[in-house]
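# Understanding the architecture of this molecule
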Amino acid sequence: SVGVRFDSTTFVKEAIEEILFTLLLAALLTGLVCWVFLGSWSTTVNVLLAIPTSILGTFIVMYFFNFTLNTFTVLGLTLTVGIVVDDAIMVLENIYRHREHGKGKVAAASIGAREITFAAAAATLAIVAIFLPVAFMKGIIGKFFFQFGVTISVAVLLSFLEAMTLTPSRFAQFLAV
């Protein structure tokens, strides 16, 4: 009789579902930790908005690179959840410091973001320098890790862009200090 002897798709499907669950759990835990340490819901929401911005932007880049949602790309996205908020937190803390020193919201956002640009860029480039070389591995393993390295690098670069543009804008418009 003809039949399927072994179906590995069930394991792959379960692995992807588990990684997606971990992605959601990582976002929730990141939000909780940010709230505990930042002490403000509005600040926490501002920081957490870096996650969907970076991840959705990464999906767009993945689409143009013809990447699929496989174990490596979803794992890369899961790893970046905690990383993408770093730049936003650095920028927000510096803006908050200027606001406490009596500057207006717009001035604090502008000066605070400008002052921290080099530090945020250095942190971002350090992470990209770690993960982008993985994309250039040779052989079959290199083909898999290409998607992993590019996914993480793009997400981190987009988080830097978000932290330098959208985070100060949201602070100047919506946050009360």
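Because the structure is a prediction, the values reported are computed rather than measured. (Residues numbered from 1 in each chain as written. Predicted model: local features only at pLDDT ≥ 70, side-chain atom pairs only at ≥ 80, totals over all residues. Heavy atoms only, no water.)

Along the chain, the regular secondary structure elements total six helices and zero strands. Secondary structure of the chain in N-to-C order comes out as α-α-α-α-α-α. Principal axes of the C-alpha set define a box for the chain whose edges measure 80 × 30 × 25 Å. For the chain, the proportion of contacts with a sequence separation of at least 24, taken over those separated by at least 6, is 72%. Looking at the chain as shown, the accessible area adds up to about 10,200 Å², and 73% of this sits on carbon and sulfur atoms. (Helix = DSSP H or I, 4+ residues; strand = E, 2+ residues; numbered from the N terminus. Contact = heavy atoms within 4.5 Å. Areas by Shrake-Rupley, 256 points an atom, 1.4 Å probe, with all protein chains shown as cover.)

If you look at the biggest cluster of nonpolar residues, it comprises 30 residues, and the most contacted ones within it are Ile51, Ile55, Val81, Val91, Ile95 and Met164. Of all elements in the fold, only helix H1 (9-38), helix H3 (50-64), helix H4 (71-100), helix H5 (105-131) and helix H6 (139-174) reach the threshold of two or more residues within this core. In terms of residue count, the dominant contributor to this core is H6 (eight residues). Among all residues touching Ile51, those that are not within four sequence positions of it are Ala27, Thr30, Val81, Val84 and Val85. (Core = buried A, V, L, I, M, F, W, Y, C linked by side-chain atoms within 4.5 Å. Buried < 20%, exposed > 50% of the residue type's maximum accessible area, 1.4 Å probe, protein only.)

This part takes up the packing of aromatic side chains. Given two aromatic rings, one states the distance between the centres and the angle between the planes to describe the pair. Tallied over the full model, the rule gives eight aromatic pairs. Pairing Phe65 with Phe67 gives two aromatic rings, centres 5.4 Å apart and planes at 40 degrees, and the pair type is tilted. Among the residues examined, Phe67 registers a relative accessible area of 12% and is labelled buried. Pairwise contacts between aromatic rings join Phe72, Phe131, Phe145 and Phe148 into one cluster. (Phe/Tyr/Trp six-rings, centres within 6.5 Å; stacked < 30°, edge-to-face > 60°.)

Once that is clear, we can look at the environment of Val12. When you line up the elements, Val12 lands in helix H1. Considering only alpha carbons, one finds Val12 and Asn70, 58 residues apart in sequence, at a separation of 8.6 Å.

Interhelical geometry of H4 versus H6 gives an angle of 25 degrees and a closest axis separation of 8 Å. Comparing the axis directions of H4 and H6 gives the class roughly parallel. Judged by the sense of rotation from one axis to the other, the crossing of H4 with H6 is right-handed. (Axes fitted to C-alpha atoms, helices over the stretch in contact; angles between N-to-C directions. Parallel < 35°, antiparallel > 145°, perpendicular 65-115°, else oblique. Left-handed = near helix turned anticlockwise from the far one by under 90°.)

Secondary-structure assignment places Ile127 in helix H5. On a C-alpha basis, the gap between Ile127 and Ile95 in space is 23 Å, while along the polypeptide they are 32 residues apart. When residues no more than four places from it in sequence are discounted, the contact partners of Ile127 are Ile83 and Val156.

A few words on the packing of H5 against H6. For the pair H5 and H6, interaxial distance at closest approach is 8 Å and the crossing angle is 175 degrees. Compared by their axis directions, H5 and H6 come out roughly antiparallel. Facing Lys105, Val106, Ala109, Ala113, Ile116, Thr117, Ala120, Ala121, Thr124, Ile127, Val128 and Phe131 of H5, the residues of H6 in contact are Phe148, Gly149, Ile152, Ser153, Val156, Leu157, Phe160, Met164, Pro168, Phe171 and Ala172.

So, on to a nonpolar patch on the surface. Taken together, the side chains of Phe21, Leu25, Leu29, Leu32, Val33, Trp35, Val36, Phe37 and Trp41 make up a nonpolar region of the molecular surface, amounting to roughly 950 Å² of accessible area. A total of eight residues in the nonpolar patch trace back to one element, the largest contributor, which is H1. Within the secondary structure, Leu32 is located in helix H1. Residue Leu32 is classed as partly exposed on the basis of its relative accessible area of 47%. (Patch = residues over 30% accessible without salt bridge, like charges linked within 9 Å, V, L, I, M, F, W, Y side chains within 5 Å. Salt bridge = Lys/Arg side-chain N within 4 Å of Asp/Glu carboxyl O.)

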